[in-house]
Amino acid sequence: MQLTDIEPRLLLGPGPSPVSPSILEALARPTLGHLDPQFLELMDDVADGLRLAFGTDNTMTFPVSGTGSAAMEASLVNVIEPGDTVIVASNGVFGGRLAEMSRRMGAEVVLVEAEWGRILDPDAVIDALRAHPGARALAIVLAETSTGVQQPLAEIGAAVAATDTLLVVDAVTAIGGTPVAVDGNHIDVCYAGTQKCLGVPPGLAPITFSEKAMDRIRSRTVPCASWYLDVSLLAGYLGSERKYHHTAPINMVYALHQGLSELRAEGLEARFERHARVGGRLKAGLVDRGFTLFAQEGHRLPQLTSALLPEGVDEGPLRRRLLDEYGIEVGGGLGAAKGKLWRIGLMGHGAADENVDRLLAAVDDLFGSAAA
């Protein structure tokens, strides 16, 4: 296949999301060196934009050169030492991934679980924190991409802030679509991705570290197990020294810069309102067509809808027809939800009324042809 053979798709899955023409144009700007003064100035602008998106004043805020899973690994490998206790609150695939990464780093994992599609009871998470006062970190997912659940963090963050434990939060699907409020929720390490509500292609992963987290990193008794993701080394490149660490993905940073510029121009609150409005329209339209919303009522992400198909409908073949015949991509279930539901994203540039209309019209056609 040649690049010219690729047919466009309407990306309404759990990510990546549609990319605006201006962001695609930014990718095509002339490549600079990673130590060029122009590029370093651009990186500073990106850091400021990420602080706005995260809701933080943290100095150590930057894009990891990698996707969201790289930032997940960076968030853990910098604060965990072998033998540490780490509390992981899990109600889906990505909570499980936090637990697995922590184990691979030599941590003793205390797992707090909830049923898929339900939030984690803040009291249960806080009880685990009280039972393990020496825990190095408590890791939790704000926006669980595998289920469409939005986790309340205020009580948990306040409880962790009163201890020496670090609060690590996955905001990959949240950032740019719903509030993250890093400082307001007392989050110490928060990571995200560019390919969801920021509307930028995959390849970078925003991350931020509080001073509490940086103090812990500076006082490590053994070096960080990852050289590439070691924040103490990256600080030399991102700070005033501008010390070479690795070659940043220059043109991807251009794209992120443009995406953050679009976020600033729209305004955070307006962007949250847009995602909430179109997400609400989609949910109502699916219910009208016999779908059952999977995520717990009152805690549903507006930007990512998980929905069980009507009884008797085989989701896999129908999802493939949606792609082949209508050029629309939606996601299937993962893990315990595999084969049971669709995960539909209206994120970033894709959070638009015309995309809701196009998807619902295609569903009507597919259901009509299946019944014929």
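Residues numbered from 1 in each chain as written. Predicted model: local features only at pLDDT ≥ 70, side-chain atom pairs only at ≥ 80, totals over all residues. Heavy atoms only, no water.

Draft legend 1. Broad picture of the nonpolar core. The biggest cluster of nonpolar side chains holds 54 residues, and the ones touching the most others in it are Leu 138, Ile 140 and Val 180. The residues touching Leu 138, leaving out its near neighbours within four places in the chain, are Ile 87, Val 125, Leu 129, Ile 156, Val 160, Thr 165, Leu 166, Leu 167 and Val 168. In this structure, Ala 74, Ala 107, Val 168 and Ile 207 belong to the second largest nonpolar core, which totals 36 residues. (Core = buried A, V, L, I, M, F, W, Y, C linked by side-chain atoms within 4.5 Å. Buried < 20%, exposed > 50% of the residue type's maximum accessible area, 1.4 Å probe, protein only. Contact = heavy atoms within 4.5 Å.)

Draft legend 2. Broad picture of the sheet that holds strand E14 (residues 331–332). Taken together, the 4 strands give an open sheet; going across it, the order is E11-E12-E15-E14, and neighbouring strands pair in antiparallel fashion. The outermost strands of the open sheet, each flanked by one partner alone, are strand E11 (292–293) and E14. Against the sheet, helix H10 (residues 268–288) makes contact with E11, strand E12 (304–308) and strand E15 (341–345), and its axis sits at roughly 10° relative to E12, the strand it touches most. Helix H11 (residues 315–326) contacts E14 and E15 of the sheet and is inclined by roughly 30° relative to E15. (Pairing = 2+ DSSP bridges. Helix = DSSP H or I, 4+ residues; strand = E, 2+ residues; numbered from the N terminus. Axes fitted to C-alpha atoms, helices over the stretch in contact; angles between N-to-C directions.)

Draft legend 3. Examining helix H7 (residues 211–218) more closely. When we look at burial in H7, the residues that qualify are Ala 213, Met 214, Arg 216 and Ile 217. Looking straight down H7, one finds that the buried residues subtend no more than 160° of arc, so they occupy a single side. Where H7 begins, one side-chain oxygen reaches toward the backbone nitrogen of Lys 212, 3.3 Å away; that side chain belongs to Ser 210. (Arc of directions from axis to C-beta. Polar contact = N/O pair within 3.5 Å; in protein donor to acceptor, adjacent residues only side chain to side chain.)

Draft legend 4. Here's a closer look at helix H5 (residues 122–131). Listed in full, the buried residues belonging to H5 are Pro 122, Val 125, Ile 126, Ala 128 and Leu 129. Buried residues of H5, viewed axially, fall in a sector of 155°; they line one side. The exposed residues of H5 that point more than 90 degrees off its buried face are Arg 130 and Ala 131. Where H5 is buried, its residues contact strand E3 (85–90), strand E4 (108–113), strand E5 (137–141) and helix H6 (154–161).

Draft legend 5. Focus on a nonpolar patch on the surface. Residues Met 1, Leu 3 and Ile 6 make up a contiguous nonpolar surface patch of about 430 Å² in total accessible area. Considering the arrangement of structural elements, one finds Ile 6 in the segment before strand E1 (10–11). According to the relative accessible area criterion, Ile 6 is exposed, its value standing at 51%. (Patch = residues over 30% accessible without salt bridge, like charges linked within 9 Å, V, L, I, M, F, W, Y side chains within 5 Å. Areas by Shrake-Rupley, 256 points an atom, 1.4 Å probe, with all protein chains shown as cover. Salt bridge = Lys/Arg side-chain N within 4 Å of Asp/Glu carboxyl O.)

Draft legend 6. Inspection of the packing of H5 against H6 at higher detail. H6 packs onto H5 with a crossing angle of 15° between their chain directions and a minimal axis gap of 9 Å. Classified by the interaxial angle, the pair formed by H5 and H6 is roughly parallel. Handedness of the crossing formed by H5 with H6: right-handed. Across the interface between the two elements, Pro 122, Asp 123, Val 125, Ile 126 and Leu 129 from H5 touch Glu 155, Ile 156, Ala 159 and Val 160 from H6. Along the lines of polarity and charge, the residues of the contact of H5 with H6 split into 7 nonpolar, no polar and 2 charged. (Parallel < 35°, antiparallel > 145°, perpendicular 65-115°, else oblique. Left-handed = near helix turned anticlockwise from the far one by under 90°. Nonpolar A, V, L, I, M, F, W, Y, C, P; charged D, E, K, R; others polar.)

Draft legend 7. Representation of the layout of surface pockets. Within this model, the largest pocket holds a volume of roughly 250 Å³. When residues in the lining of the largest pocket are grouped by element, the largest group, 3 residues, is from helix H3 (residues 68–77). For the lining of the largest pocket, the residue count by class is 8 nonpolar, 7 polar and 4 charged. (1 Å grid on protein atoms, 1.4 Å probe; cavity = no way out; pocket = protein on both sides within 12 Å on 5 of 7 lines; lining within 4 Å. Points joined across faces, edges and corners; volume = space filled by probe spheres on them.)

Draft legend 8. Quick peek at the packing of H3 against helix H4 (residues 93–104). As a packed pair, H3 and H4 sit with axes 10 Å apart at the nearest point and diverge in direction by 50°. Compared by their axis directions, H3 and H4 come out oblique. When the axes of H3 and H4 are compared, the crossing they make is right-handed. Every residue of H4 that contacts H3 at Ser 69, Met 72, Glu 73 and Leu 76 is listed here: Phe 94, Arg 97, Leu 98, Met 101 and Ser 102. Residue composition of the contact of H3 with H4, by class: 5 nonpolar, 2 polar and 2 charged.

Draft legend 9. Region of the structure containing the pairing of E3. Taken across its 6 residues, E3 has 5 buried, putting it largely inside the fold. Looking at chain direction, E3 and E4 are connected through 6 bridges and run parallel. In the strand pairing of E4, Ile 87 is matched with Val 110. Note that the unit made of E3, H4 and E4 has a crossover that is right-handed. The pairing of E3 with E5 spans 3 bridges and is classified as parallel. Bridging across to E5, Val 86 finds its partner in Ala 137. (Right-handed = clockwise from strand over helix to strand, strands pointing away.)

Draft legend 10. Expanded view of the environment of Lys 196. Relative to the helices and strands, Lys 196 is located in the loop between strand E9 (189–191) and strand E10 (204–209). Ignoring any residue separated from it by four or fewer positions in sequence, one finds Lys 196 in contact with Pro 14, Gly 15, Ser 17, Thr 145, Val 172, Thr 173, Met 347 and Gly 348.

Draft legend 11. Highlighting the packing of aromatic side chains. In this structure the tally under the stated criterion is 2 aromatic pairs. Between the aromatic rings of Phe 291 and Trp 342, the centroid separation amounts to 5.8 Å while the plane-to-plane angle is 45°, which identifies the pairing as tilted. Of this pair, Phe 291 sits in the loop between H10 and E11 while Trp 342 sits in strand E15; the two residues are 51 residues apart in sequence, bridging distant segments of the chain. Given the relative accessible area of 4%, Phe 291 is considered buried. (Phe/Tyr/Trp six-rings, centres within 6.5 Å; stacked < 30°, edge-to-face > 60°.)

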